[in-house]
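Coordinate inspection notes
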Amino acid sequence: MPPLPRFEGQEHWIRLESCWRPEVLHLHDVPVVALDLSSSPLTYDGLDNLVPLTWLQHLDLSGCPHLDNWALGQLHIFGDSLRELSVARCPHVTERGLATLHHLQELWCLDVAGARAPSPGLVCILLEEMLLGCQILGMDLGDSVGTGTLTPSGGGKPPA
């Protein structure tokens, strides 16, 4: 599936069925605030293409088969802007990669469902301590299997 961007001031995502969309020209100077890259073949090197998106507030990387701990460490560039992040169902993301997200202090919501962790309860506590006020989805204190649940934890920050 091609990436789905959403620009500042828009409520709807732009579907890029082809390489060329004339209305995109009108959005040349409008910042991208949300990007859905779910299930895409994104890799560590591909994250370099996101560096100019300094206004990015929502990033969905769920189900990306090649996303790994090393790639998560590169998300620090969005520490001042990113409010919502999903890395759910990424098979190569573990508790080590989740620990690198401590730079994302503006996060309101983090979805980690399916992240591999030997002690999901401890990882959930670590995430809640690192990301104060962030709602952690997909990892429950009582989850001992490490597959995550859809039980939210944490308080979550209210929208601004």
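All residue numbers refer to positions counted from 1 along the written sequence of the respective chain. Under the rules for a predicted model, residues below a pLDDT of 70 receive no local features and side-chain atom pairs below 80 are neither given nor counted, while totals for whole chains, interfaces and linings still include all residues. Heavy atoms throughout the structure, all of them, feed into the side-chain values; hydrogens and water do not.

Digging into the nonpolar core
To keep things clear, this is the line we draw: Take the buried Ala, Val, Leu, Ile, Met, Phe, Trp, Tyr and Cys residues and link them wherever side-chain atoms come within 4.5 Å; each set so joined is a nonpolar core. To sort residues, take the accessible area from a 1.4 Å probe on protein chains only and compare it with the maximum for the residue type: under 20% means buried, over 50% means exposed, and anything in between is partly exposed. Counting from the N terminus, the helices are the DSSP runs of H or I reaching at least four residues and the strands are the DSSP runs of E reaching at least two. When checking whether two residues touch, look at their non-hydrogen atoms; a contact exists if any pair is within 4.5 Å.
Counting 37 residues, the largest nonpolar core has Leu59, Leu61, Leu67, Leu85, Leu98 and Leu110 as the members making the most contacts within it. Those elements that place two or more of their residues in this core are β2 (32-36), α1 (69-72) and α3 (120-130). With four residues, α3 is the single largest residue contributor to this core. Setting aside residues no more than four positions away along its own chain, Leu61 makes contact with Leu37, Ser38, Leu42, Leu67, Leu75, Leu85, Ser86, Val87 and Cys90.

Topic: the packing of aromatic side chains
To keep it simple, the criterion reads: By convention, a stacked pair of Phe, Tyr or Trp rings (six-membered ring in the case of Trp) has centres within 6.5 Å and planes under 30 degrees apart, an edge-to-face pair has planes over 60 apart, and any other such pair is tilted.
The final tally for this structure, using the stated rule, is one aromatic pair. Geometrically, the ring pair formed by Tyr44 and Trp70 is tilted, given 5.8 Å between the ring centres and 45° between the ring planes. On the criterion of sequence distance, the pair formed by Tyr44 in the loop between β2 and β3 (58-60) and Trp70 in helix α1 is long-range, its members being 26 residues apart. According to the relative accessible area criterion, Trp70 is exposed, its value standing at 58%.

Quick look at unusual backbone geometry
Glycine aside, a negative phi is what most residues show, and trans is what most peptide bonds show. Even without glycine at this site, Ser39 takes up a positive phi of about 60°. Following the sequence through the fold, Ser39 ends up in the loop between β2 and β3. At Arg89, a residue that is not glycine, the phi angle is positive and equals roughly 60°. By the element assignment, Arg89 lies in the loop between β4 (84-86) and α2 (95-99).

Some thoughts on the confidence of the model for the protein
Put simply, the rule reads: For every residue, the pLDDT score states the predictor's confidence, bounded by 0 at the bottom and 100 at the top.
Averaged over every residue, the pLDDT of the protein is 82; the share at 70 or more is 69%. By mean pLDDT, strand β1 (residues 4-7) is the weakest element of the protein at 65, and β4 is the strongest at 98. For residues 143-160, every residue scores under 50 in pLDDT, and the model assigns this stretch 52 contacts once sequence neighbours within four places are set aside.

Details of the state of the cysteines
So the rule is basically this: Working definition: a disulfide is two cysteine sulfur atoms within 2.5 Å of each other.
All told, the structure shown has zero disulfides when counted by the stated rule. Cysteine Cys90 is unpaired, with the sulfur of Cys64 as its nearest cysteine sulfur at 5.2 Å. Judged by its relative accessible area of 1%, Cys90 falls in the buried class.

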